[in-house]
Amino acid sequence: MEANDNIDKTSCLSLLITSALLLVAAAYWHRHVIRKRNRARWDGIGKDIVVLHCSTPGYFSPSLSPFVFKLMNYLRLAKIPYKLDHEEIFGPKGKTPWITLNGEDISDSQLVIETLAKKFDKNFSRDLSPEQQAVARAFTIMLDEHLAWGLRYWRYKLDKGRSMQEAMKIPFYMLLMKPFFLRSQQDALWQQGMGRHTPTEVEEVTIKDLAALSHYLGTNPYLMGNSLCEVDCSMFAFVANILCNYKKSPYYSVVKDNYSNLYDYVQRVKAQLWPDWDECLESK
Ligand SMILES: N[C@@H](CCC(=O)N[C@@H](CS)C(=O)NCC(=O)O)C(=O)O
């Protein structure tokens, strides 16, 4: 009797293991087929047309990711044709945005912009002096590598993704993953260092970044003077993101009330790069 029970248990276990392995194999196969189909679609999209892989638009801005938004701004500024792909959001480096161009994958908004600038001969900072170019680079790093973390701190640690959830359509299965996603973002904040500061400290350093942008912009139409260049793609993405998607944060009123030249700047660049803004938003 006992021997029979043991045989039953063993065969049950091996059935379970075989089913699990078959499920994993089927999932891999399915992913492989989808990837092949997607790849064929992107490759057939046309020569010199950028496929921009990114999440779906928000209700209030064309993207909630400042890096996707920055890249879209550049593509529009450079008048490089692009198509959006919302199926494979994360690229070979595990981040969004990334692009496919003529069958080649390129990741990271800044690296993509620099590659496209060379390929299409669209360098908008070329006429700046070496000193101005250095300032533009320093501001780009401040935006992408510092202000970005201050804003993430508010979005993921203080607001716990609530405003983000109100600003874009998030599929049900992804909402189930929200606690894990928030955890991973908070871990990233800790690893980067911003997550170790108090909320007051983070607010202070983030507002200092906004103050620096406002003071340097002064009464100029664009950050480096009279014409739009690459640093504006980043600056517009971050400041417009605050105005569209951070309304409950302290940064919204700082931009609107204390640094109104940043507010006017956003309206100016938006009119220039996004005449079709409303059509690029997700409808509610
Ligand atoms: N340096 C990258 C940063 C991109 C980035 O951090 N993207 C975020 C979305 S805004 C992301 O992919 N996060 C997912 C993760 O870190 O796992 C760039 O400029 O493209």
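What counts, and where the lines are drawn
Residues numbered from 1 in each chain as written. Predicted model: local features only at pLDDT ≥ 70, side-chain atom pairs only at ≥ 80, totals over all residues. Heavy atoms only, no water. UniProt positions renumbered as here; feature names shortened; annotations may be inferred. Helix = DSSP H or I, 4+ residues; strand = E, 2+ residues; numbered from the N terminus. Buried < 20%, exposed > 50% of the residue type's maximum accessible area, 1.4 Å probe, protein only. Contact = heavy atoms within 4.5 Å. Areas by Shrake-Rupley, 256 points an atom, 1.4 Å probe, with all protein chains shown as cover. Lys, Arg positive; Asp, Glu negative; His and termini not counted. Charge placed at Lys NZ, Arg CZ, Asp CG, Glu CD. Arc of directions from axis to C-beta. Core = buried A, V, L, I, M, F, W, Y, C linked by side-chain atoms within 4.5 Å. Near = heavy atom within 4 Å. Polar contact = N/O pair within 3.5 Å; in protein donor to acceptor, adjacent residues only side chain to side chain. Domains from an automatic or database assignment. 1 Å grid on protein atoms, 1.4 Å probe; cavity = no way out; pocket = protein on both sides within 12 Å on 5 of 7 lines; lining within 4 Å. Points joined across faces, edges and corners; volume = space filled by probe spheres on them. Nonpolar A, V, L, I, M, F, W, Y, C, P; charged D, E, K, R; others polar.

Looking at an unreviewed UniProt entry, one finds the chain named Failed axon connections homolog, with Halocaridina rubra as its source organism. Of the comments in the UniProt record for the chain, the one headed Sequence similarities (unreviewed entry) reads "Belongs to the FAX family."

A. Structural view of the overall build of the chain. Helix and strand counts for the chain come out as 11 helices and four strands. Its C-alpha atoms give the chain principal-axis dimensions of roughly 90 × 50 × 40 Å. Per-residue burial over the chain gives 44% buried out of 284 residues. Considering only residue pairs separated by 6 or more positions, the chain has 76% of its internal contacts joining residues 24 or more positions apart. Accessible surface, the chain: about 15700 Å² in total, of which carbon and sulfur atoms supply 58%. A distance of 2 Å separates the average location of the 35 positive side-chain charges in the chain from that of its 32 negative side-chain charges.

B. Highlighting helix α10 (residues 250-258). What α10 keeps buried is the set Tyr251, Tyr252, Val254 and Val255. Seen end-on, α10 carries its buried residues on one side only, within an arc spanning 170°. Opposite the buried face of α10, by more than 90 degrees, sit the exposed residues Asp257 and Asn258. Residues of α10 that are buried in the fold lie against α4 (130-158), α8 (199-217), α9 (230-245) and α11 (260-273).

C. Region of interest: the nonpolar core. Counting 69 residues, the largest nonpolar core has Ile99, Leu116, Leu210, Leu213, Met235, Phe236 and Leu262 as the members making the most contacts within it. Considering each element in turn, this core owes the most residues, 11 residues, to α9. Residues in contact with Leu213, not counting those within four places in the same chain, are Phe139, Met142, Leu143, Leu223, Met235, Val239 and Leu262. Core analysis: the next-biggest nonpolar cluster, separate from the first, contains six residues, Tyr156, Met164, Ala167 and Leu182 among them.

D. Layout of the site of the ligand. Near the ligand, the surroundings consist of Ser65, Phe67, Phe90, Lys95, Thr96, Pro97, Asp108, Ser109 and Arg152. Between Ser109 and the ligand, the recorded distance is 2.6 Å, taken from a side-chain N or O atom to an oxygen atom. A distance of 2.8 Å is found between an oxygen atom of the ligand and a side-chain nitrogen or oxygen belonging to Arg152. Against a free-state accessible area of 510 Å², the protein chains account for coverage of 77% of the ligand.

E. Region of interest: the UniProt feature "domain: Metaxin glutathione S-transferase" (unreviewed entry) in the chain. With numbering matched to this structure, UniProt assigns "domain: Metaxin glutathione S-transferase" (unreviewed entry) to residues 208-269. Regarding residues 208-269, the helix share stands at 73% and the strand share at 0%, and the terminal C-alpha atoms are separated by 22 Å.

F. Summary view of the domain arrangement of the chain. Split by domain assignment, the chain resolves into domain 1 (1-40) and domain 2 (130-280). When each unit is reduced to the centre of its C-alpha atoms, the spacing between domain 1 and domain 2 is 45 Å.

G. Just the layout of surface pockets, in detail. Space inside the second largest pocket adds up to approximately 420 Å³. Gln110, Glu114, Asn123, Ser125 and Glu230 are the residues nearest the centre of the second largest pocket, which is lined by 16 residues in total. At the level of elements, α3 (109-119), α4 and α9 are the ones that each hand at least two residues to the lining of the second largest pocket. The residue inventory of the lining of the second largest pocket, partitioned by class, reads five nonpolar, five polar and six charged.

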